[in-house]
Amino acid sequence: MATEITVGIAGAAGDGLDRVGDTLARAAARLGLSVFTYNSYQSLIRGGHTWLRLRIGEKKLTNHGDRLDVLIALNQDSIERHVPEVASGGAVLFNTKLECDPDLLPKGVRAVPIPVADLTKDLGRLPPVMQNTAALGALLHLAGLDVEVAAEILHETFRHKGEEIIRQNVGTLRAGYEHAVKTEKPLDFKWKFSRKRRPVVTGNQMIGLGAAAAGCKLYSAYPMSPASSILHWLATHSEKTGIVVKQAEDELAVVNMAIGAGHAGIRAMCATSGGGFALMTEAIGMAGMIEAPVVVVNVMRGGPSTGLPTKTEQGDLNQAFGASQGDFPRVIVAPRDALDCYEATVEAFNIAEEFQLPVILLSDLYLAEHRSTIDADRVSPDVKIERGEWANGTGNGRFRRFRLTKSGVSPRARPGTPGMMFIAGTDEHDERGVLVSDEHTNAAIRRKMHEKRMRKMDEVLKRLPAPKLEGPSKAKVTLVGWGSTHGVLEEAAARLEEDGITANRLHLKYLYPFHGRKVKEILSKCKRTIVVEANYAGQLARHLRAETGIEAKHVVTRYDGEPLDPDYVVQRVKDCVAGRAQDLKVQKAEAREMAYHYIRIHLHDEARPARVSKGAKGRHGEPVFDVELVSRKGKEPRGRLVIGRETGAIHAYEEQGA
């Protein structure tokens, strides 16, 4: 009996995927199961294609996985695109108004049509979107999950809309469930429910919660995906947490508000994504110069420019290193999971205040928006608060705010404190803040003040825990990663072990300042170092080389907007070990996706790719894929699309009969 299931829910924006996914995730979590979800969506309110995956298991899950057991298809497009992915022993659930071509079904996969209209005719006139709730009911039977728990969650979800809406939703859920009980045998799943309730959270929610626990009093932001849900969560809970939440006119205002609040003596945070972070960088340098504490969150997405607003990437590491001009003290931290988002945020506030500098939290869309279960008892509201050195006494009008100290940290005072007036200029300055950048230029003061600020980094490094090698001390390969890839690499290493390739892991959370000596000591003893990250250039690999002199034997990257998964890493590592170069040609599945894009844009979504075959090099100057297109209804031939296997170019569309 299986103790893990992955459910895929596919449809268009507006089909209610989030709602049904939320109900399923919360129901599983309430039964005591572990949940990990990932939603691949587009920048649309209606239409397009959305693909939500929910992985549910008895053991702790650390990533969204790479297989599919059950598909809930809410439109015809979803059937055609995802049915071939379902593993043997699984099922495809769909409304009977749709068609599932038997030729699409993999061997051992069951088609489960659901007559939604007939099942719900006694519930009154229902919106079409409620087909998802009927499908959820059928899924609960197939997967062996408790329908009563799901009904309870629907009661809670729609309580504010009144009894009639609750009746319709719960009635639809039960109708789908009872239909499946009568017509379908359960799949091969047997669970042990602990019924220990587990919260289902996102990384962004945990950053918000961590800020509240750490005593943040101002949060400023301008909406930018995928950081926006931090703003939404904190705005919703601002009165309970006592946090002033301010949506400013742009990211320039956002970061300066947060820095001003830190300068004034309260804890402040702001968040954005790569494009907004680019606007913030000069001000971040100002925070380093005036020694103002601030926490800046960059939730990375695909770049450059507007890039991929709803897709993930770890492409901003170099941007964080180069934020603002010149050398100045700053700390860069990359949390590895939702719970670590909470802990890292608390730590970021303490470091920012104790050392009077900006702290950059590097998250990404995958970590920020995926939902996963955590153990509630791992989240303590009683966190340690460290506010650093504050000046005592009156200052007697000669307060040295930037006093040259051995630690590099100068006692600070809140603006307006009697006798402690000082200048906080962005120019270089002396101990009282008097500028040394114009008529009072002084090379000696500049040198000692610069050294004083940078001395903080030595003290910060002493405070930060050094990374540790995870797994066997001796292994054939060592996987090195950072940030949100932790769970994927953990599972990939276990699978490699099963396949006869021993693997250990070095995961890096603190990226600047960097434990270069410790990392060099660890990696110099490793046989084959493979850096794994979600960007094109291998930015961590370059950082490792700069800080340790060690060049990774291989770099495994992904930069198509989708997150790394265990199978992707395992296959690439096997290629590295075998000495096989990565095949960058367009793959068959990719050619099919490119064809779908062409169909949506140029053929008004009235066709679908049928057979994909390799064509001759011919006149196009490269090997090609020939993609046969057929009509959505009737499967009549529509034409032939020619796609370059090396460049990915659409070389030709030859319409049938033209």
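Think of each chain on its own: its residues are numbered from 1, step by step along the sequence as written. Restriction of local features to residues with pLDDT of at least 70 applies here, the model being predicted, together with a cutoff of 80 or more for giving and counting side-chain atom pairs; totals for whole chains, interfaces and linings are based on all residues. Note that water and hydrogens are dropped before the side-chain values are worked out from all heavy atoms of the structure.

Comments concerning the side chain of histidine 515
Here is step 1: The secondary structure listing takes helices from DSSP runs of H or I that are at least 4 residues long and strands from runs of E that are at least 2 residues long, numbered from the N terminus. Considering the arrangement of structural elements, one finds histidine 515 in the loop between strand 18 (510-512) and helix 17 (516-523).
Here is step 2: Histidine 515 sits in the buried class, given a relative accessible area of 13%.
Here is step 3: Here, two residues are considered to be in contact whenever any of their heavy atoms come within 4.5 Å of each other. With sequence-adjacent residues up to four places away left out, histidine 515 is seen in contact with Leu461, Leu464, Pro465, Ala466 and Pro467. Any residue under 20% of the maximum accessible area for its type is buried, any over 50% is exposed, and the rest in between are partly exposed; the area is computed with a 1.4 Å probe on protein chains only.

Here's the deal with the sheet that holds strand 16 (residues 477-482)
Here is step 1: Overall, mixed pairing links the five strands, which are arranged 15-17-16-19-20 in an open sheet. The open sheet is flanked by strand 15 (469-470) and strand 20 (554-557), the only strands paired with a single partner.
Here is step 2: Note on pairing: DSSP must find at least two bridges between two strands before they are called paired. When strand 15 meets strand 17 (residues 503-508), the two strands line up antiparallel, connected through two bridges. Looking at the pairing, leucine 469 lines up with leucine 506 of strand 17.
Here is step 3: Contacting strand 15, strand 16, strand 17 and strand 19 (529-533), helix 17 crosses the sheet at an angle of about 170° to strand 17.
Here is step 4: Only the contacting stretch of a helix is used when fitting its axis, a line to C-alpha atoms as for every element, and angles between N-to-C directions run 0 to 180 degrees. Packed onto the sheet, helix 18 (residues 539-548) meets strand 16, strand 17, strand 19 and strand 20 and runs at close to 135° relative to strand 19.

Regarding a nonpolar patch on the surface
Here is step 1: Patch definition: residues above 30% relative accessible area lacking any salt bridge, with like charges linked at up to 9 Å and the nonpolar side chains Val, Leu, Ile, Met, Phe, Trp and Tyr linked at up to 5 Å. Computed with a 1.4 Å probe, the accessible areas rest on the Shrake-Rupley method; for each residue, only the protein chains presented here act as cover. Any Lys or Arg side-chain nitrogen found within 4 Å of a carboxyl oxygen on Asp or Glu counts as a salt bridge. A grouping of Tyr536, Tyr559 and Leu584 is seen on the molecular surface, where their side chains present a nonpolar patch of about 370 Å² in accessible area.
Here is step 2: Of the residues examined, leucine 584 reaches a relative accessible area of 58% and is grouped as exposed.

Regarding the sheet that holds strand 21 (residues 607-615)
Here is step 1: Spatially, the four strands line up as an open sheet ordered 21-22-23-24, and their pairing is antiparallel. With partners counted over all chains shown, the strands left at the sheet margins are strand 21 and strand 24 (650-655), one partner each. Recorded for the sheet is a direction-independent mean angle of 20° between the axes of neighbouring strands.
Here is step 2: In the sheet, strand 22 (residues 624-631) pairs with strand 23 (residues 637-644) via seven bridges, with the strands oriented antiparallel. Within strand 23, the residue paired with valine 624 across the bridge is glycine 644.
Here is step 3: Here helix 20 (residues 588-602) sits on the sheet and contacts strand 21, strand 22, strand 23 and strand 24; the angle it forms with strand 21, its principal contact strand, is near 140°.

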